[in-house]
Amino acid sequence: MNSAARPLDAAQLTACDREPIHLLGTLQPHGFLLAVQEPDLRIVQASANVPDRPGQPGGEVVGRLLSAAFPELAEAVAGGTGPDRGAEGARYLRTVGLETASGSRLYDLAVHRSGPLTVVELEEATAEAGGELSLDALSPRLNAFVEGLHRAATVADLCGQLAAEVRRLTGFDRALVYRFDRDWHGTVVAEDGNGVLPSYLDLRFPASDIPAQARELYRRNRLRIIPDAGYVPVPIVPAVPPSTGAPLDLSQSILRSVSPVHVEYMRNMGTMASMSVSILVDGGLWGLISCHNKAPRRVPLQARNACDLLTRVFALQLASKERSAEAEERLRLGAVGGRLLGYMTEADSFSAGLFGHSEDLLALAGADGAAVVVGDQYRLIGLTPGKGEIQRLRDWLAGRGGDEDVFATDSLGEIYPPAGDFADVASGLLAISVSQTSPNSVLWFRPEVVQTVKWGGDPTKAATQDPAGGPARLHPRKSFETWKETLRGRALPWTVPQIDAAKDLRAAILGIVLRRAEELAALSEELQRSNKELEAFSYSVSHDLRAPFRHIVGYSELLRSREGDRLSDKGRHYVDTIIEAAFSAGTLVDNLLTFSQMGRNALKRVFGDMNLLVEEVRRKVMRDVPAGRPIRWQVGSLGRVYADPVMLRLVVENLLSNAVKYTRGQPDTVIEVGRAPDHKGEAVFYVRDNGIGFDMAYVGKLFGVFQRLHRVEEFEGTGIGLANVRRIVERHGGRVWAEGVLGQGATFHFTLPERMEAR
Amino acid sequence: MADLKPILLVEDNPNDIELTLAALEKSQLANEIAICRDGAEALDYLYRRGDHAGRDAREPAVVLLDLKLPKVDGLEVLAAVKGDPGMRSVPIVMLTSSREESDLVRSYQLGVNAFVVKPVGFKEFFEAIQDLGVFWAVLNEPPPHRGGWPSNA
């Protein structure tokens, strides 16, 4: 997935992120803290505001046993301590009354574990605390809330109910439900307020407003409260006790001081009291409930506990709503994927199956366009970039490396700048590569959705350097005026089920391709078998068909030579015709067999001298030329070639004997054999004659089996010679072609690949 | 001419026997011509077994051996003769209709002395038979050149 949409200044983030909030070492003043050490619960640290008690000044408790200094607490604390306790954060034990120098006071007692120490916190109980917030009194309202959540149709409804209920319980001026996006920017998705504070509904807040370490604290400590942002922090003494040698970790503390930056932020927002409750879904920080009050405000413990409970119920409901929505989507996409699998199985190729059902292919990913790429073949569906653009995009994807099965982004232009040119059709890209070895892939595209985002203040000025020049301090922005921004080059994000559906499709395609390969292997076996049969057939033809022709010729010959005297002229003519016909039939069988052998026999390629071969063949051909017929041969330098000599000899023989044959009527015969300059890794040869030539209209028939352009009386032949030439040359990976002019001659070309190209 | 060695013709097809005999006759060879109709009989003849146990003691001047024969085919006869050190020197010429490359290659592997594809034309056939008869009665020559690049390639 793609990273942050809004590049925030790294220096600012770093400065803010490194503030060690949990080690500030101070408290808010609405309570006091004691840190005690096992085994005898001796007080080793205390906040500076421990109240004076009769006979015991607050400043002198450090070093005393808890049981001596605060006998009222000893029993409760002893029961709530131990190394295995307190991992879940501070636990409220009870409300206790303490005698102080200024009279009896009520405190809410909470205990948690912090490293080797047990932290005892005593928060002053509020005046409001009483019957109306007891669990019994809250129960009907909690029930009503849970019922309401069940009825909520949407996540927005759920959030709205939560905001209203939390505000009712706490009495804050405004309660917000704030949701984090994948970049940790927050958006206010629900709000309830009394109008004292401005509405922030739909506003977005930059990630830097709640830095990473604060988010981590929010995850660990679900509820935080600041009753008065104007407080004076209370130090803890000693800051580093000799027995532990480290400052007290206040991560889980309920009284913990907040970051000065945060207090300043609150003041800038015009709020003096705040409370926030973390919304954790599946252990992750989904969002916050953020409550504010213009004036300082305390919230009783019971109300806070109720809010925490509501939030957890809400989170469960939210998780189940989101999960069931996701499950529905998965089911739907699963059905689409199943159909596509069926189509692919039935079609000749997976790409044909997908392309033939483009609606399902698009629905699988909820895309507006798709491309199915197999080798150099691009099949485009719907709204897509051009073929060339997709080609380059695919090259880029392949070049990215990475072994992920699926690639998804909703802002392609940010990681692949050329995509800016086609952002309108493909700001979102979801791609699967179907094979490691070949570049086959399926790509889905989503168009740009121009979004207008309302920020709570200019997000580029989320924090500013201290105007006084302090190097490490940050000051939050002063203005929370709505700041509108238009986001371009972004598509709707791909959902997890859609990405998974693409992954499943990839697996299905791989399965089909694999099965096809197996089928091909079986087919090739079948082909080999039928090739063997064909060979056996040729073999028997060569014996059994050829022999009768030989016999006809032989006996006719005997008849003519031994009984010829007793035949009439007509009888002898008949015998001659029988001989001729049988002879040509026999020759035809021979030629056919040669032709079939050319296709079957393995090529045995070696290097050889073409001039020597041509000379040998030329001499052989010349043996059949009547002595009185002059032929002028012009043989150029032919060089060496890499070919099967037996087969190549047939090629040369056919071409030279054709040249001799078709120049028969030419008193001044010139036959030229030459080599043209090499072309694209091929050696180009030609045989040119000045014979009867041919009409270019029939050039297509020239190299076909049994294709003849002349009557038998004019030129003998079975029409298989050039078919052999073509077959042999093509088996070598070369090409043949011819040019001719009727009455002026013909040129036959053939090529042979150079060794590197030859396979 | 009584010391002339016989020529053994192994051929199952009567037409081919008649035509071959006509050709040999025309070449006016005085050699006796023995005829066997299948491979098994040819081996009997060569090893003087069965019906041929009492034949003339001289080995044939040449065996004209058809490739496709009943019972024991030509290649098997060839393999038997050329695999026997006592018989190996008898020249064998494969006389066949087949133009199958594998037969040719196999025959030379087995040590055939010549391989002749019976030409369709009678004139050519006559000449081939006459040449063979005369030639093998006089001297041996290495097997004909199977296509390859000319020698200095």
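Nothing here was measured: the structure is a model prediction, and the numbers come from that model.

## Quick notes on the overall build of chain B
Next, step 1: For chain B, the count of helices and strands is 5 helices and 5 strands.
Next, step 2: Ordered by position from the N terminus, the helices and strands of chain B form the series β-α-β-α-β-α-β-α-β-α.
Next, step 3: Taken across its 153 residues, chain B has 37% of its residues classed as buried.
Next, step 4: Considering only contacts in chain B between residues 6 or more positions apart, those separated by 24 or more positions represent 69%.

## Comments concerning the overall build of chain A
Next, step 1: In terms of regular secondary structure, chain A is built from 18 helices and 29 strands.
Next, step 2: For chain A, the proportion of its 759 residues judged to be buried stands at 37%.
Next, step 3: Residue pairs in contact within chain A that sit at least 24 positions apart in sequence constitute 67% of those at least 6 positions apart.

## A word on the nonpolar core
Next, step 1: Membership of the largest hydrophobic core comes to 45 residues, with the highest contact counts inside it found for B:Leu8, B:Val10, B:Leu64, B:Leu65 and B:Val93.
Next, step 2: In terms of residue count, helix H5 (residues 122-138) of chain B provides more of this core than any other element does, 7 residues in total.
Next, step 3: Excluding its chain neighbours within four sequence positions, the residues that come into contact with B:Val10 are B:Cys36, B:Ala42, B:Val63, B:Leu64, B:Leu65, B:Asp66, B:Leu69 and B:Val77.
Next, step 4: Counting 44 residues, the second largest nonpolar core, distinct from the first, contains A:Tyr178, A:Phe205, A:Met275 and A:Ile289.

## Looking at the sheet that holds strand E1 (residues 26-27) of chain A
Residue and element names in this part refer to chain A.
Next, step 1: Taken in spatial order, the 7 strands line up as E1-E11-E3-E2-E6-E5-E4 in an open sheet, and their pairing is antiparallel. On the outer flanks of this sheet lie E1 and strand E4 (91-100), each paired with one strand and no other.
Next, step 2: With 2 bridges joining them, strand E3 (residues 42-47) and strand E11 (residues 234-237) adopt antiparallel strand pairing. Note that in E11 the partner of serine 47 across the bridge is isoleucine 236.

## Some words on unusual backbone geometry
Next, step 1: A:Glu38 connects to A:Pro39 through a cis peptide bond whose omega is 0 degrees.
Next, step 2: Within the secondary structure, A:Pro39 sits in the loop between strand E2 (31-37) and E3.
Next, step 3: Residue A:Leu41 is not a glycine yet carries a positive backbone phi of 55 degrees.
Next, step 4: Although it is not a glycine, B:Lys71 sits at a positive phi angle of roughly 60 degrees.
Next, step 5: Relative to the assigned elements, B:Lys71 resides in the loop between strand E3 (62-66) and helix H3 (74-82).

## Observations regarding the environment of A:Asn658
All names here are of chain A.
Next, step 1: Mapped onto the elements, asparagine 658 comes out in helix H17 (residues 645-661).
Next, step 2: Take asparagine 658: there are 22 C-beta atoms within 10 Å of it, and that puts it in the buried class.
Next, step 3: In sequence terms asparagine 658 and leucine 722 are 64 residues apart; their C-alpha atoms lie 9.0 Å from each other.

## Quick word on the sheet that holds E3(B)
Sheets are built from strands paired through backbone hydrogen bonds, the pairs being either parallel or antiparallel.
All names here are of chain B.
Next, step 1: Judged by pairing direction, the sheet is parallel, and its 5 strands sit side by side in the order E2-E1-E3-E4-E5 without closing on themselves. Each edge of the open sheet is held by one strand with a lone partner, namely strand E2 (33-36) and strand E5 (114-117). On average, each strand axis in the sheet is tilted by 20 degrees relative to the strand beside it, whichever way the strands run.
Next, step 2: When strand E1 (residues 7-10) meets E3, the two strands line up parallel, connected through 4 bridges. Note on E3: the bridge partner recorded for isoleucine 7 is valine 62.
Next, step 3: Against the sheet, H3 contacts E1, E3 and strand E4 (92-96), and its axis sits at roughly 150 degrees relative to E3.

## Some words on the environment of A:Pro447
All names here are of chain A.
Next, step 1: Within the secondary structure layout, proline 447 lies in the loop between strand E18 (441-446) and strand E19 (451-456).
Next, step 2: You can call proline 447 partly exposed: it has 19 C-beta atoms within 10 Å.
Next, step 3: Once the C-alpha coordinates of proline 447 and glycine 369 are considered, the two residues, 78 residues apart in sequence, prove to be 8.5 Å apart.
Next, step 4: With residues up to four places along the chain from it excluded, the contact list for proline 447 reads Asp368, Leu383, Asp424, Val425, Ser427 and Ala491.

## Observations regarding the packing of helix H8 (residues 301-346) of chain A against helix H10 (residues 358-365) of chain A
All names here are of chain A.
Next, step 1: Packing of H8 against H10 leaves a shortest axis separation of 9 Å and a crossing angle of 145 degrees. Handedness of the H8/H10 crossing: left-handed. The residues of H10 that touch H8, namely those facing Leu333, Val336, Gly337, Arg339 and Leu340, are Asp360, Leu361, Ala363 and Leu364.
Next, step 2: Split by residue class, the contact of H8 with H10 holds 6 nonpolar, 1 polar and 2 charged.

## Digging into the packing of helix H5 (residues 155-170) of chain A against H8(A)
Residue and element names in this part refer to chain A.
Next, step 1: At a minimum axis separation of 10 Å, H5 and H8 run at an interaxial angle of 175 degrees. Relative to H8, the element H5 lies roughly antiparallel. Residues Val155, Leu158, Leu162, Glu165, Val166, Leu169 and Thr170 of H5 pack against Ala303, Ala306, Cys307, Leu310, Phe314, Gln317, Leu318 and Lys321 of H8.
Next, step 2: In terms of residue class, the contact of H5 with H8 is built from 11 nonpolar, 2 polar and 2 charged.

## A few points about the confidence of the model for chain A
Residues and elements named next belong to chain A.
Next, step 1: Here chain A averages 83 in pLDDT, while 89% of its residues score no lower than 70.
Next, step 2: Residue range residues 1-15 is modelled with pLDDT below 50. Its contacts to residues more than four positions away, or to other chains, number 25 contacts.
Next, step 3: Considering only residues more than four positions removed or in separate chains, one finds that residues 466-473, a stretch of pLDDT under 50, has 3 contacts.

## Observations concerning helix H18 (residues 721-731) of chain A
Residues and elements named next belong to chain A.
Next, step 1: In terms of burial, H18 is a largely internal element, 9 of the 11 residues being buried.
Next, step 2: Along H18, the residues that are buried comprise Gly721, Leu722, Ala723, Asn724, Val725, Arg726, Arg727, Ile728 and Val729.
Next, step 3: The first or second residue beyond H18 is glycine 733, which carries a positive phi of 90 degrees.

## Examining the confidence of the model for chain B
Residues and elements named next belong to chain B.
Next, step 1: Residue-level pLDDT values for chain B average 79, and 84% of them are 70 or greater.
Next, step 2: When the criterion is pLDDT under 50, residues 139-147 qualifies, and its contacts beyond four places in sequence or with other chains add up to 10 contacts.
Next, step 3: The ipTM assigned to the predicted complex is 0.73, against a pTM of 0.53.

The rules behind each value
Residues numbered from 1 in each chain as written. Chains lettered and ligands numbered in written order. Predicted model: local features only at pLDDT ≥ 70, side-chain atom pairs only at ≥ 80, totals over all residues. Helix = DSSP H or I, 4+ residues; strand = E, 2+ residues; numbered from the N terminus. Buried ≥ 20, exposed ≤ 12 C-beta atoms within 10 Å, placed from the backbone. Contact = placed C-beta atoms within 7 Å. Core = buried A, V, L, I, M, F, W, Y, C linked by C-beta atoms within 7 Å. Pairing = 2+ DSSP bridges. Axes fitted to C-alpha atoms, helices over the stretch in contact; angles between N-to-C directions. Left-handed = near helix turned anticlockwise from the far one by under 90°. Nonpolar A, V, L, I, M, F, W, Y, C, P; charged D, E, K, R; others polar. Parallel < 35°, antiparallel > 145°, perpendicular 65-115°, else oblique. pLDDT = per-residue confidence, 0-100.

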